[in-house]
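Remarks on the overall topology
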Amino acid sequence: MMTMRVVFLLLLTSLFSATSQAENVDQNPYRLMNYVAEQTFSRLAKIDRDSSTVDQQVEDIVRQQLMPHIDYRYAALVVLSKHLKKTDEQQRARFIKAFQEYLVATYTQALAQYKQQKVLIEPERAVEGQTKVTVKAQFIDGERPPINLSFKFRKLRNKDQWLAYDLVAEGVSLLATKQSEIDSLIRSSSVDEVIELLEKKNFESVGPSK
């Protein structure tokens, strides 16, 4: 039989390994994708769908499990694209915050539909020397054909860390779609009016930003 000292050492090693994996998970986009999916869906599975606070619970999961791994700042600047030069520092800060809340609302609405479906993520690959990687996945729902997803990641400059910046569902890019929409709105109005419109929609979707 193992002594208590050996058992303690094994438990300590297991705990240290799990902690290290969590700490280093963002150094590989495939590993990060698996980790975030596992954490997110395990929490979603525990939600009482009949609760009056179900929407708030899903939003909390999005903010806590997804948003720390999403490069919403980079995505927001990509969406502004050629209009970026027309903005000052304050406008950019407001737009980035508004776009962050837009992503929270978008993912909250999507994950609110979760009903124990499965997500299959492609096997981990080496990413040495790369700065952008696309991780493919499938959303499996027995009631309908699988949905093909692609999550685009970028490596932060001077950091061994990856963040997701775009989601492509069945060939349609969330980032490209929003960029086209924002471009059209800015052309017909102004940057400030578009920011105010985005802030209003966010408030109606998820309430005041946290």
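Report follows, based on the coordinates. (Residues numbered from 1 in each chain as written. Predicted model: local features only at pLDDT ≥ 70, side-chain atom pairs only at ≥ 80, totals over all residues. Heavy atoms only, no water.)

Looking now at the sheet that holds strand S4 (residues 162-169). Through backbone hydrogen bonds, the strands of a sheet pair up, either in parallel or in antiparallel fashion. Strand order in the open sheet formed by five strands is S1-S2-S3-S4-S5, with antiparallel pairing between adjacent strands. Lying at the two open borders of the sheet, with one neighbouring strand each, are strand S1 (118-121) and strand S5 (172-173). Bridge count between S1 and strand S2 (residues 132-141): four bridges; the pairing is antiparallel. Considered in S2, the bridge of Leu 120 is made with Gln 138. (Pairing = 2+ DSSP bridges. Helix = DSSP H or I, 4+ residues; strand = E, 2+ residues; numbered from the N terminus.)

Moving on to the environment of Tyr 35. Structurally, the position occupied by Tyr 35 is in helix H2 (residues 29-44). Put simply, Tyr 35 and Gln 65 are 30 residues apart on the chain and 9.7 Å apart in space, counted from C-alpha to C-alpha.

Turning next to the side chain of Arg 154. Tracing the backbone through its elements, the reader meets Arg 154 in strand S3 (residues 144-155). Among the polar contacts made by the side chain of Arg 154, one reaches the side chain of Asp 71 at a distance of 2.6 Å. Among residues more than four places away in sequence, those in contact with Arg 154 are Asp 71, Tyr 74, Thr 131, Lys 132, Gln 161, Trp 162, Leu 163 and Tyr 165. (Polar contact = N/O pair within 3.5 Å; in protein donor to acceptor, adjacent residues only side chain to side chain. Contact = heavy atoms within 4.5 Å.)

Quick look at a negative patch on the surface now. There is a patch of like negative charges on the surface, built from Asp 88, Glu 89, Asp 192, Glu 193 and Glu 196. Topologically, Glu 193 is positioned in helix H7 (residues 191-206). (Patch = residues over 30% accessible without salt bridge, like charges linked within 9 Å, V, L, I, M, F, W, Y side chains within 5 Å. Areas by Shrake-Rupley, 256 points an atom, 1.4 Å probe, with all protein chains shown as cover. Salt bridge = Lys/Arg side-chain N within 4 Å of Asp/Glu carboxyl O. Lys, Arg positive; Asp, Glu negative; His and termini not counted. Charge placed at Lys NZ, Arg CZ, Asp CG, Glu CD.)

Moving on: the packing of H2 against helix H3 (residues 54-66). The contact between H2 and H3 brings their axes to 10 Å, and the two run at 160 degrees. With respect to each other, H2 and H3 are oriented roughly antiparallel. Helix-helix and strand crossings are classified by hand; for H2 and H3 the assignment is right-handed. Every residue of H3 that contacts H2 at Val 36, Gln 39, Thr 40, Arg 43 and Leu 44 is listed here: Val 58, Ile 61, Gln 64, Gln 65 and Leu 66. Residues of the contact of H2 with H3, tallied by class, amount to five nonpolar, four polar and one charged. (Axes fitted to C-alpha atoms, helices over the stretch in contact; angles between N-to-C directions. Parallel < 35°, antiparallel > 145°, perpendicular 65-115°, else oblique. Left-handed = near helix turned anticlockwise from the far one by under 90°. Nonpolar A, V, L, I, M, F, W, Y, C, P; charged D, E, K, R; others polar.)

With that settled, the discussion passes to the packing of aromatic side chains. In the structure shown here, the tally under the stated rule is three aromatic pairs. A ring pair is formed by Tyr 74 and Tyr 165, whose centres lie 5.3 Å apart and whose planes are at 85 degrees; its orientation type is edge-to-face. Taken together, the residues span a long stretch of sequence, with Tyr 74 in helix H4 (residues 72-80) and Tyr 165 in strand S4 at a distance of 91 residues. The interplanar angle of 40 degrees and the centroid separation of 5.5 Å between the aromatic rings of Phe 99 and Tyr 102 together place this pair among those described as tilted. Remark: Tyr 102 and Phe 99 occur in helix H5 (residues 89-111); sequence separation between them is three residues, near one turn of the helix. Of the residues examined, Tyr 102 reaches a relative accessible area of 16% and is grouped as buried. One aromatic cluster is present, formed by Phe 95, Phe 99 and Tyr 102 through successive ring pairs. (Phe/Tyr/Trp six-rings, centres within 6.5 Å; stacked < 30°, edge-to-face > 60°. Buried < 20%, exposed > 50% of the residue type's maximum accessible area, 1.4 Å probe, protein only.)

Moving on, we come to H5. Along its 23 residues, H5 runs 33 Å from first to last C-alpha, staying within 8% of the 33 Å computed at 1.5 Å per residue. One side-chain oxygen of the residue at the start of H5 lies 3.2 Å from the amide nitrogen of Gln 90, identifying that residue as Asp 88. (Expected span 1.5 Å × (residues − 1).)

Overall, the coordinates contain ten salt bridges when judged by the stated rule. A salt bridge links Glu 199 to Arg 94; the nearest nitrogen and oxygen atoms lie 2.8 Å apart. Remark: Arg 94 occurs in helix H5 and Glu 199 occurs in helix H7; sequence separation between them is 105 residues. Linking Asp 183 and Arg 187 is a salt bridge whose minimum nitrogen-to-oxygen distance equals 3.1 Å.

A few words on unusual backbone geometry. Backbone geometry at Asn 158 places phi at a positive 60 degrees, although glycine is not the residue there. Mapped onto the secondary structure, Asn 158 falls in the loop between S3 and S4. Overall, the relative accessible area of 83% leaves Asn 158 in the exposed class. We note that Glu 170 has phi near 50 degrees; this positive angle belongs to a residue other than glycine. Note that Glu 170 resides in the loop between S4 and S5.

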